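Each chain, letter by letter, is given below.
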Amino acid sequence: MSTKRPAKPKKRFGDCQECLVCGGKTISAHLGMNVCRACSVFYRRSVGKRVYECRSNTGKCEVSKGATCRKCRFERIERLLATSGEGEGKKSTDDSSPDSLKELEGDADHTHRCEASSSSSANECATAQPRQIVERIRSSYKTMCQIRLTSELLIRPDPPHPLLMNEDDCPYAQATFGTMQSSNRILLTSILGFGKSAFPELADLSKQLQWTLAVNFLYRFGPFESSYRADKLFPQYPDRIFAGFTYWLTHNYDEHYFSDCPNPIDKEHVMSSMHNHCKTHHTNFRTFMRRLKLTETEFLYLSALLFWTTDNLDVPDTLSAIAAQHRAAIMQELHVYFKEELRMDNYAARLGELLTAIQMFDVKNRRSQGKLRVSAAGQRVLRGQLRVSCPTGRSAAAGRVMRS
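Residues numbered from 1 in each chain as written. Predicted model: local features only at pLDDT ≥ 70, side-chain atom pairs only at ≥ 80, totals over all residues. Heavy atoms only, no water.

> I keep staring at the overall build of the chain and nothing clicks. Help me out?
Broken down by element type, the chain carries 12 helices and 7 strands. In the form shown here, the chain has an accessible surface area of approximately 20500 Å², with 50% of it arising from carbon and sulfur atoms. (Helix = DSSP H or I, 4+ residues; strand = E, 2+ residues; numbered from the N terminus. Areas by Shrake-Rupley, 256 points an atom, 1.4 Å probe, with all protein chains shown as cover.)

This is the structure we're talking about:
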C-alpha cells in the first residue's frame, strides 16, 4: 500500500488578491492587509533609513506594478497603514523569514521588484545595472565639496571648531572681495582633482589640456552649482547666490563687500554698475533653478555634461573627439536612468528641460559668468588680481576672467 501523501493544491495567481500599493498579484496578506511581499519588504527596508526623491517632483506619481516612484510608493504604504491602523512592526508569516528578506535584498538604486504571473515562478525580478558614471561623479563631487568646505573655513580669521566643519553645521557668511578670490582659487584647484577622480582618462591628457578643461568647467559649473545650492539652502532668500562654497552674496553690494579690497576705487560707481549687472543674472539663475527643480542625480549628470562641453574652445580634434565620446556615454546612461530607474516611458520633455541648463550656463556668456563668480568690482579694480597661468607659463583662460 502506498504511504505517499497527496500533494497539496498549488495556489494560483488567478485566485490571489491585488496589491493595494502596486496593483500586482499577492497570495498572502502582508503588513496586515492586501500588500504584496515586494512592497512590504521595500517598506521595512526603507522606513526610518532612507529618504527618496519624487521622480516627477509632484508627490503624485502613479504607483503601478514594476513602474513606480519610490517616494510615492513609500508614502502610499504609509497612508494605507495609517488608515488600517497597522504599525510598521507588524509582520506576516510569509515575509518575516531571513531567506525571504535576503531574496529581495539589494542596492538602493535597484528598481522595484515586482510579483508577476508565471507558470515557472511566482516572482520575476527586474533590477537596474549600477550607473557607473553618475556614481563616480557623486563620489568625486562629495570629495570636492569637502575639500572646498574645509579649505574655506580654515582660512577664515576665526575658523569654527573642527566638529562644525560639515555641511549641516556650516556657518555660511556674506562674501567679500577677498573671500571670493580665495574661494575661486580653491574651486579651480579642486576641479582638477574632481576631473581625474570622475574621469580617470583625464590623467592621460597633457597638463595643458587638463588645465583648459578645468578652467572651461569653472566658468560653466560655477554659476550652475551656486544657483542650484542657493535654491536648496536659501529658498527664503531669492536674491542670494553662492560666491564660494561657504559664502553668499546678493546684488546689493555694500561696504562690507569692499572691506578687504586692496585697491582704492570709486565704490559708489562700482556698486551701481555691479548692482545693475548682477541683479539680472542672480534673478535669472535663481528663477531658472526654481523652475527646473533638479534632483541630485540630475544635477550630477548635468555637471558631467558641463565638464565635457567644449564648444567654443580652441582645442585639438583629439580632445573634441574624447569629449564627444564622454557626452554620448553620459547621455546613454541618463536615458537608462529615466527608463529603468524612474520607469518613465515618456521623458523627452524632462530631458529637454535639463539640457536647457547647458545653454543657460554656456561658456559663451563667459564675461557675465566671470563677473558673477569672481565678482569683478569693475574691470579696472580686478585686472591682474586673479590671473591664473597654466603650467607651461602661458596665460590660460582663467587669466582672461579679468579682461573685458
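After that view, the rundown keeps rolling.
> Can you walk me through the pattern of salt bridges in this structure?
Where charged atoms from two side chains of opposite charge come close, those side chains can pair. Tallied over the full model, the rule gives 8 salt bridges. Between Glu353 and Arg350 there is a salt bridge, with its nearest N and O atoms 3.0 Å apart. With a gap of 3 residues between them, Glu353 and Arg350 both fall in helix α10 (residues 348–360), about one helical turn apart. In this structure Glu353 comes out as partly exposed when scored by relative accessible area, which is 35%. According to the relative accessible area criterion, Arg350 is buried, its value standing at 14%. Among the charged side chains, a salt-bridge network with shared partners connects Arg70, Arg131 and Glu341. (Salt bridge = Lys/Arg side-chain N within 4 Å of Asp/Glu carboxyl O. Buried < 20%, exposed > 50% of the residue type's maximum accessible area, 1.4 Å probe, protein only.)

> For this particular structure, what's the right way to read the state of the cysteines?
Two cysteines, two sulfur atoms, one covalent bond between them: this is a disulfide. All chains considered together, the criterion is met by 0 disulfides. There is no disulfide at Cys36, and the cysteine sulfur nearest it, in Cys39, is 3.5 Å away. Unpaired in this structure, Cys69 has its nearest cysteine sulfur neighbour in Cys72, at a distance of 3.8 Å. (Disulfide = S-S within 2.5 Å.)

> Explain the sheet that holds strand β5 (residues 173–174) here, please?
Note on sheets: strands pair through backbone hydrogen bonds, and any given pair is parallel or antiparallel. The strand order β5-β7-β6 describes an open sheet built from 3 strands, whose pairing is mixed. Unpaired on one side and paired on the other, β5 and β6 (241–242) mark the two borders of the sheet. Taken together, the 2 bridges between β6 and strand β7 (residues 247–249) define a ladder with antiparallel strand orientation. Each bridged residue has a counterpart across the sheet, and for Ile241 the counterpart in β7 is Leu249. (Pairing = 2+ DSSP bridges.)

> Explanation requested: helix α9 (residues 317–341) in the structure shown.
Its 25 residues place the ends of α9 35 Å apart at the C-alpha level, agreeing with the 36 Å of an ideal helix rising 1.5 Å per residue. Those residues of α9 that fall on the buried side of the exposure criterion are Leu319, Ala323, His326, Ile330, Met331, Glu333, Leu334, Tyr337, Phe338 and Glu341. Two residues or fewer after α9 comes Arg343, characterised by a positive phi angle close to 55 degrees. (Expected span 1.5 Å × (residues − 1).)

> Sorry if this is basic, but what is going on with the packing of aromatic side chains here?
For any pair of aromatic rings, geometry is given as the distance between the ring centres together with the angle between the planes. Using the criterion set out here, one finds 22 aromatic pairs in the structure. Between the aromatic rings of Phe224 and Phe361, the centroid separation amounts to 5.5 Å while the plane-to-plane angle is 70 degrees, which identifies the pairing as edge-to-face. Highlighted residues: Phe224 in helix α6 (residues 207–233) and Phe361 in the loop between α10 and α11 (366–374), separated in sequence by 137 residues. A relative accessible area of 0% places Phe361 in the buried class. Between Phe234 and Phe242, the ring centres sit 5.2 Å apart and the planes meet at 25 degrees, which makes this aromatic pair stacked. When its relative accessible area of 7% is taken as the criterion, Phe234 is described as buried. A relative accessible area of 2% places Phe242 in the buried class. The lysine or arginine in question, Arg156, covers the ring of Tyr247, its NZ or CZ lying 4.8 Å from the ring centre. The ring of Trp248 carries Arg240 above its face, with NZ or CZ at 3.6 Å from the centroid. (Phe/Tyr/Trp six-rings, centres within 6.5 Å; stacked < 30°, edge-to-face > 60°. Lys NZ or Arg CZ within 6 Å of the ring centre and 35° of its normal.)

> Would you mind showing me how to read the nonpolar core here?
Note on soluble globular proteins: their nonpolar side chains tend to be buried together. By size, the foremost hydrophobic cluster in this structure holds 72 residues, and its most contacted members are Phe224, Leu294, Trp308 and Phe338. Elements represented by at least two residues in this core include exactly α4 (132–154), α5 (177–198), α6, β7, α7 (267–292), α8 (296–307), α9 and α10. It is α6 that provides the largest number of residues to this core, a total of 11 residues. Not counting residues up to four positions away in its chain, the partners in contact with Leu294 are Phe224, Tyr228, Lys232, Met289, Phe299, Leu302, Arg350 and Leu354. Counting 21 residues, the second-largest nonpolar core is a separate cluster that includes Leu31, Cys39, Cys54 and Leu81. (Core = buried A, V, L, I, M, F, W, Y, C linked by side-chain atoms within 4.5 Å. Contact = heavy atoms within 4.5 Å.)

> What exactly am I supposed to notice about the packing of α4 against α5 here?
Angle between the axes and distance between the axes are the two parameters that describe a pair of packed helices. In contact at an axis separation of 9 Å, α4 and α5 are set at 155 degrees when each is read in the N-to-C sense. By the criterion of interaxial angle, the relationship of α4 to α5 is roughly antiparallel. Every pair of crossing elements has a handedness; the one defined by α4 and α5 is right-handed. For the pair α4 and α5, the contacting residues are Arg136, Ile137, Ser140, Tyr141, Met144, Ile147, Arg148, Ser151 and Glu152 in the first and Ser183, Ile186, Leu187, Ser190, Ile191, Phe194, Ser197 and Ala198 in the second. (Axes fitted to C-alpha atoms, helices over the stretch in contact; angles between N-to-C directions. Parallel < 35°, antiparallel > 145°, perpendicular 65-115°, else oblique. Left-handed = near helix turned anticlockwise from the far one by under 90°.)

> How should I be thinking about the confidence of the model for the chain in this particular structure?
Do not read the fine detail of predicted coordinates wherever pLDDT is low. Confidence in the prediction for the chain averages 74 pLDDT; 70% of positions are at 70 or higher. Considering each helix and strand of the chain separately, the mean pLDDT is smallest for strand β4 (residues 123–124), with a value of 33, and largest for α8, with 95. Scored below 50 in pLDDT, residues 364–389 shows 91 contacts in the model against residues more than four places distant or in partner chains. (pLDDT = per-residue confidence, 0-100.)

> What am I meant to see in the side chain of Arg229 here?
Along the polypeptide, Arg229 turns up in helix α6. Put simply, Arg229 is tucked away with no salt bridge, and the nearest opposite charge, on Glu167, sits 4.6 Å away. When sequence neighbours within four positions are dropped, the list of residues in contact with Arg229 reads Tyr141, Tyr172, Phe234, Phe242, Gly244 and Phe245. (Lys, Arg positive; Asp, Glu negative; His and termini not counted.)

> Help me understand the environment of Arg136, please; the structure alone is not making it clear to me.
You can see Arg136 is positioned in helix α4. Residue classification places Arg136 among the partly exposed residues on the basis of a relative accessible area of 28%. As for Arg136 and Ser197, which are separated by 61 residues in sequence, their C-alpha atoms are 7.4 Å apart. Among residues more than four places away in sequence, those in contact with Arg136 are Ser197, Ala198, Phe199 and Pro200.

> Explanation requested: the packing of α5 against α6 in the structure shown.
Viewed as axis vectors pointing N to C, α5 and α6 meet at an angle of 120 degrees, and their least axial separation amounts to 9 Å. In terms of orientation, α5 and α6 fall into the oblique class. The two elements α5 and α6 cross, and the hand of that crossing is right-handed. Contacts between α5 and α6 involve Asn184, Leu187, Leu188, Ile191, Leu192, Phe194 and Lys196 from the first element and Gln210, Trp211, Ala214, Val215, Phe217 and Leu218 from the second.

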